[in-house]
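# What the coordinates show
Residues per chain, in single letters:
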Amino acid sequence: MADKVIYAMYDDDDVLKDGAKKLVGKGVHVADVYSPFPIHGIDPIIGVKHTRLGINAFLYGLTGTMLALFGIKYFMIQDWPMNIGGKPSFSMIENLPSFIPIVFEFTVLCAAHGMAITYLLRNKTLPGMPARNPDPRTTDDKFVMEVRVNENTQFSEKDLQAMIKETGIIEIEEREV
Amino acid sequence: MEFKISSRAKKVTFTLMIVGLIAMVWGMFTEQSYIHTKMSEDGTQLTMSYPTHNNGENTDEEWEQFKADLTAAALSSHIEIIEPGAHGHGAAGHGEEEHVSHDDHGNDEGHEHGHGDDHGGHHGHRPEPTWTIGAHVIHTKEGMKAWHHHEDQIMPTLKAWVDDHKVGMPDHQHNRFWSNLLINGFFFFGISLGALFYLALHYATESGWGAVILRIFEGVMLVLPFGAVVLIVVFLAGTLDWNHIYMWMDDSKMVLGESFDKLLYQKSGYLNEPFFWIRTLVYIGVFLVFAFFFRKWSKREDEEGGLKLHFLQYRRGALFLVFFAVFSSMLAWDWIMSIDAHWFSTLFGWYVFSGIWISAMIMIMMTMLYLKSRGYMPQINQSHIHDVGKWIFAISFLWSYLWFSQFMLIWYSNIGEEVVYFQQRILDYKFLFFGTFAINFVLPMVLLMSRDAKRTWSILVVISSIIFVGHWMDVYLMVMPGTIMNNYQIGALEIGMFLLFLGIFIFLLLRNLTKAPLIKKNHPMLDESVHHDF
């Protein structure tokens with residue numbers, strides 16, 4: 001279904017924040033905000049859910065820990081038992097302290113890479129993918145607020161535009177997507 | 001807003017103090033002398049010896065009483081103690097002890113150390129009382145029933161009674177008492193010192209977020225004299241030979257003779273009493289002067305305002321960090337590491353410092369939550385609490401990292417003179433040693449990791465309380481193995497003294513908070529801090 005999207009452009013992040021507060025106060029649902037830098041405090045205003053990237057990071061880290069432990073157990077204890085630190089015990093648990101640094105590094109490696117790749121995939125910003133921001137100026141010094149018409153069916157399109165225009169915008173544009 | 005100590009808070013702190021004091025005094029009467037136990041290889045004979053040159057104040061009557069007590073205790077469990085060839089074995093036992101005290105320093109250091117206090121000059125002349133026993137079950141109905149199929153457990157049971165102080169001799173030297181005084185004095189001194197450090201760090205980095213809670217830092221910091229006095233009492237008692245915490249304070253180790261200690265002699269350029277006292281007084285003096293002036297400037301800032309005092313504290317904060325960087329390591333060497341004077345570790349100072357820091361952050365977190373729950377300081381919002389929670393989380397990692405770095409490198413290289421420190425802790429304190437590490441590391445890591453947890457008061461209070469005790473236990477494990485070896489207990493004395501100190505500390509902290517407004521009036525970043533939000 002074709003949807004109409006209103007893009008309102010601001011040249012100051014504080015004006016945008018105040019505008020978003022007013023609109024949300026009236027019951028408008030703001031879909032997204034494009035900005036050259038993170039605007040502190042905008043998330044709770046427009047109702048962006050907390051990122052779950054942290055949970056992902058934990059799971060990737062756990063995967064890394066497990067992989068490293070199983071790997072080391074196979075390499076150093078089972079397949080080719082090693083005499084570690086002059087203690088030929090050939091036991092995983094007794095040699096564990098010497099494996100901790102590697103396990104730790106591998107945990108960090110998995111968590112960091114997993115997180116980065118997830119982030120790029122989820123935001124659809126893998127290298128070579130087309131940019132999704134509505135206006136290239138949002139990577140410079142302008143801020144754009146995105147309001148979807150069919151998410152705000154309680155207002156007519158005209159009312160919506162009028163309300164947005166009151167919030168100190170510098171440009172407004174409506175597009176079909 | 002002015003803070004007043006509520007009558008309930010007064011009641012709670014005084015109850016802590018009184019209960020602690022009673023338990024502590026009661027615990028002092030349960031202190032027992034160290035009795036060395038050794039099982040024969042076939043497990044049929046147990047040799048007990050009482051090293052007279054360790055704490056030579058027990059009389060022969062007490063030794064005989066101990067023997068009678070053990071015999072009576074055995075009888076009530078249907079065991080009869082026999083002394084196989086009392087005379088011949090006594091001589092053999094004596095020879096064995098000779099061997100022990102001439103052991104090399106590398107592997108028997110803790111042993112050597114605990115015994116290393118000459119007392120009254122009868123060292124080497126009076127033979128160590130030694131008692132070798134065997135035992136068998138009394139052939140009555142009850143006896144046969146109680147020990148049926150468990151005959152091999154008889155000797156280990158007897159050994160455990162002596163090791164676990166079910167039967168023993170009173171300790172007139174109060175070794176446990178003095179060790180506990182050092183533990184608690186250092187732990188609570190460290191909390192104040194950590195707050196002072198963080199206050200200086202806050203100024204030196206020109207941080208804004210914490211401006212509303214700086215008075216809490218000041219309150220904790222100003223309890224510094226309390227810990228300092230306790231530490232000085234312990235050191236003074238050591239210097240006067242009232243306690244034997246520091247083996248290097250023993251003069252007889254410095255002159256050629258039976259108890260000459262070459263390692264300590266070579267270290268005596270640094271580890272000698274005059275220089276130790278100069279260093280101690282300089283550390284404490286510098287800390288107290290900085291704490292005094294930070295408080296003075298902070299109060300004056302309330303009246304005058306302006307940036308002049310702020311930038312003065314900024315510069316002095318940076319200066320303090322320079323002193324602290326050196327002193328925090330050195331005081332750990334002098335006060336804690338020199339208990340095991342034969343041993344050394346280069347990162348010991350940072351390890352101790354991280355423990356100090358986290359204890360301070362926990363104390364600050366608890367004070368914040370307490371004040372806020374009583375309706376004070378409405379300016380503190382969830383973001384401030386979240387930030388202090390982050391510190392607790394982060395420093396837990398720092399502490400664990402340093403603990404593990406120290407342990408792993410020494411464990412891996414396995415050099416006798418280094419590994420002895422951990423050998424002692426693993427042989428005698430295994431459960432406490434690894435348990436403390438596991439709790440202090442895993443608990444905050446798993447439960448404080450998520451953002452929501454750091455904003456949930458109940459989780460913060462529970463975890464902070466547990467790792468607060470955990471870090472007390474960490475100090476306990478730094479001190480006890482070096483001072484009373486495997487003769488340790490966690491009983492009324494330990495718990496009582498901890499509660500006593502906690503009560504005094506909290507009371508002094510609350511009293512400090514009453515002496516100035518809870519929020520600084522003219523801190524230039526106050527507004528930023530009030531609106532701190534993320």
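Residues numbered from 1 in each chain as written. Chains lettered and ligands numbered in written order. Predicted model: local features only at pLDDT ≥ 70, side-chain atom pairs only at ≥ 80, totals over all residues.

### Points about the sheet that holds strand β4 (residues 171–176) of chain A
All names here are of chain A. Strand order in the open sheet formed by four strands is β2-β3-β1-β4, and the pairing between neighbours is antiparallel. With partners counted over all chains shown, the strands left at the sheet margins are β2 (32–34) and β4, one partner each. When the angles between neighbouring strand axes are averaged without regard to direction, this sheet yields 20°. For β2 and strand β3 (residues 143–148), the ladder comprises three bridges, and the chain directions are antiparallel. Counterpart to Y34 in the pairing with β3 is V144. Helix-sheet contacts for helix α1 (residues 13–26) involve β1 (4–10), β2 and β3, and the interaxial angle to β3 is about 20°. (Pairing = 2+ DSSP bridges. Helix = DSSP H or I, 4+ residues; strand = E, 2+ residues; numbered from the N terminus. Axes fitted to C-alpha atoms, helices over the stretch in contact; angles between N-to-C directions. Contact = placed C-beta atoms within 7 Å.)

### Some remarks on the domain arrangement of chain A
Assigned domains within chain A: domain 1 (4–49 + 135–176) and domain 2 (53–122). The C-alpha-based centres of domain 1 of chain A and domain 2 of chain A are spaced at 45 Å. (Domains from an automatic or database assignment.)

### Regarding the interface of chain B and chain A
On the chain A side, the residues contacting the nine residues of chain B number eight residues. The residue makeup of the side of chain B that touches chain A, split by class, is seven nonpolar, one polar and one charged. (Nonpolar A, V, L, I, M, F, W, Y, C, P; charged D, E, K, R; others polar.)

### Concerning the sheet that holds strand β4 (residues 130–137) of chain B
Sheet strands associate in pairs through backbone hydrogen bonding, adopting either a parallel or an antiparallel arrangement. Residue and element names in this part refer to chain B. Reading across from one edge, β1-β2-β4-β3 is the order of the four strands in this open sheet, with antiparallel pairing throughout. Only two strands of the sheet have a single partner each, and these edge strands are β1 (36–39) and β3 (79–82). With direction set aside, neighbouring strand axes in the sheet form an average angle of 30°. One ladder, built from four bridges, connects β1 with strand β2 (residues 46–49); its direction is antiparallel. Across the sheet, the residue bridging to T37 is M48, located in β2. The strands that helix α2 (residues 60–76) touches are β3 and β4; relative to β3, the one it contacts most, it runs at about 145°. Lying on the sheet, helix α6 (residues 154–163) is in contact with β1, β2, β3 and β4; it crosses β1 at an angle near 170°.

### Notes on the environment of V282(B)
Structurally, V282(B) is set in helix α11 (residues 273–304). Taking the C-alpha atoms as reference points, V282(B) and F327(B), 45 residues apart in sequence, are found 9.2 Å from one another.

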